[in-house]
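Residue-level listing of the chains:
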Amino acid sequence: VLRAVRLNGAFLYVFEGTAPWSISVAPARQLVPRVLPGADHLMAYHIVTAGTCWMGCKGDQPVQLQAGDAILFPHGDAHLASGQPADRSGYPFYDHAPSRPLETIRLGQGQGVRTSIVCGFLGCDARPYNPLLAALPRSMHVRGIGVGWLSEFPRQVIAEAWQTRVGGTTMLTRMAELMFVEVVRRYTEELPAHRAGWLAGLRDPIVAPALAALHERPAHGWSLAELARVAASSRTVLTERFAQTVGLPPMQYLTEWRLQLAAEQLATGSRKVAAVAAEVGYESEAAFSRAFKRSTGHAPAAWRRMRQNGAAHSSAVPVTAC
């Protein structure tokens, strides 16, 4: 799934606040043209490297972050941050978005405690269908991510902010992807047993083998009866459990997943539409084109032009040392 939804591009910068300070961060979708023009969707994240702060989505209770903690906003919601547990209604608006990658932003003129945060955005595909993104909450707070093997990530961002190194952008992008995977993995491991959702489906004894089979052979002409045999279940039980956990019946999930695979191939390759359609299980190019346009609002060829042109624009953004 992570391969098919294409985690792509990482825009990183450093924030330093001296208490008292507070900011109100705009929704990530408003920042796409500025930070990652080719991204379909932006996820915002922050890793505290020194000091303490409070963060949370607007309307939610903020959580306290210590040095080494990370917080991720998978859906790019507007969120609040402060160096002190202030009244949420008192946050002044500060447009935090940097003007260039690896910039250092400083806020606060007081004599209080200094807080250092490595901040960033990670692009991914949200369309046509991203089951992982849909399963994640508005915010994810993970403690202690700044230690262990991931401790080099915030350190490397700070180092790159002060010098231009060959391959630095690619390395930071891959490390940001690993950070995201680690946050999701810890979140999944801590899910309560009764929790519903796509991630919970990966642990369900009936849903998990069905999901694995669909992902392993998406182009196969699956029937509900065959999928039920794989899951060692009846068709009725499989359909009910799958829909209750994942949010879609198995065959509808397969349709959505095939379109996501096709979208990824169209965005990254040059194969003919008919070949892509066959690769994901469609016998008719016309049927595939209708389904794809119904899901995305674009014909397959138009989608390819739009995504590949956007990717070319994004890759042209220069990385400038602070």
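Below you will find a few notes about this structure. (Residues numbered from 1 in each chain as written. Predicted model: local features only at pLDDT ≥ 70, side-chain atom pairs only at ≥ 80, totals over all residues. Heavy atoms only, no water.)

### What about the sheet that holds strand β2 (residues 22-25)?
Sheet architecture is open: four strands sit in the order β2-β7-β4-β5, paired in antiparallel fashion. Pairing within the sheet leaves two strands with one partner each, and these edge strands are β2 and β5 (63-65). For this sheet, the mean inter-axis angle between neighbouring strands, taken without regard to orientation, is 20°. (Pairing = 2+ DSSP bridges. Helix = DSSP H or I, 4+ residues; strand = E, 2+ residues; numbered from the N terminus. Axes fitted to C-alpha atoms, helices over the stretch in contact; angles between N-to-C directions.)

### A few points about the sheet that holds strand β3 (residues 41-50)
Spatial ordering of the open sheet is given by β8-β1-β9-β3-β6-β10, a layout of six strands whose pairing is mixed. Of all strands in the sheet, those bounded by a partner on one side alone are β8 (104-107) and β10 (140-142). Geometrically, the sheet is characterised by an average inter-axis angle of 20° between neighbouring strands, direction not taken into account. For strand β6 (residues 70-73) and β10, the ladder comprises three bridges, and the chain directions are antiparallel.

### Examining the packing of helix α3 (residues 152-160) against helix α4 (residues 168-189)
Any two packed helices are characterised by how steeply their axes cross, that is the angle between the axes, and by the distance between the axes. Relative orientation of the contacting elements α3 and α4 amounts to 155°, with a least axis distance of 10 Å. Our classification of the angle between α3 and α4 gives roughly antiparallel. Between α3 and α4 lies a crossing whose hand is left-handed. Each of Glu152, Phe153, Gln156, Val157 and Glu160 in α3 lies in contact with α4, whose residues at this interface are Gly168, Met171, Leu172, Met175, Ala176 and Met179. Partitioning the contact of α3 with α4 into residue classes produces seven nonpolar, two polar and two charged. (Parallel < 35°, antiparallel > 145°, perpendicular 65-115°, else oblique. Left-handed = near helix turned anticlockwise from the far one by under 90°. Contact = heavy atoms within 4.5 Å. Nonpolar A, V, L, I, M, F, W, Y, C, P; charged D, E, K, R; others polar.)

### Concerning the pairing of strand β1 (residues 8-18)
Most of β1 sits inside the fold, with eight of its 11 residues counted as buried. In this structure, β1 lies alongside strand β9 (residues 114-124), joined through 10 bridges in antiparallel fashion. If you follow Gly17 over to β9, its bridge partner there is Thr115. Bridge count for β1 against β8 is four bridges, and the pairing is parallel. In the strand pairing of β8, Gly17 is matched with Leu107. (Buried < 20%, exposed > 50% of the residue type's maximum accessible area, 1.4 Å probe, protein only.)

### Looking at helix α8 (residues 235-246)
In this model, α8 (12 residues) spans 16 Å end to end at C-alpha, consistent with the 16 Å of a helix rising 1.5 Å per residue. Those residues of α8 that fall on the buried side of the exposure criterion are Leu238, Phe242, Thr245 and Val246. Across the axial projection of α8, the buried residues extend over an arc of 80°, all falling on one side. Of the exposed residues in α8, the ones pointing more than 90 degrees away from its buried face are Glu240 and Gln244. In this structure, the buried residues of α8 make contact with α5 (198-201), α6 (207-216), α7 (224-230) and α9 (250-268). Positive backbone phi, at 105°, marks Gly247, one or two positions downstream of α8. (Expected span 1.5 Å × (residues − 1). Arc of directions from axis to C-beta.)

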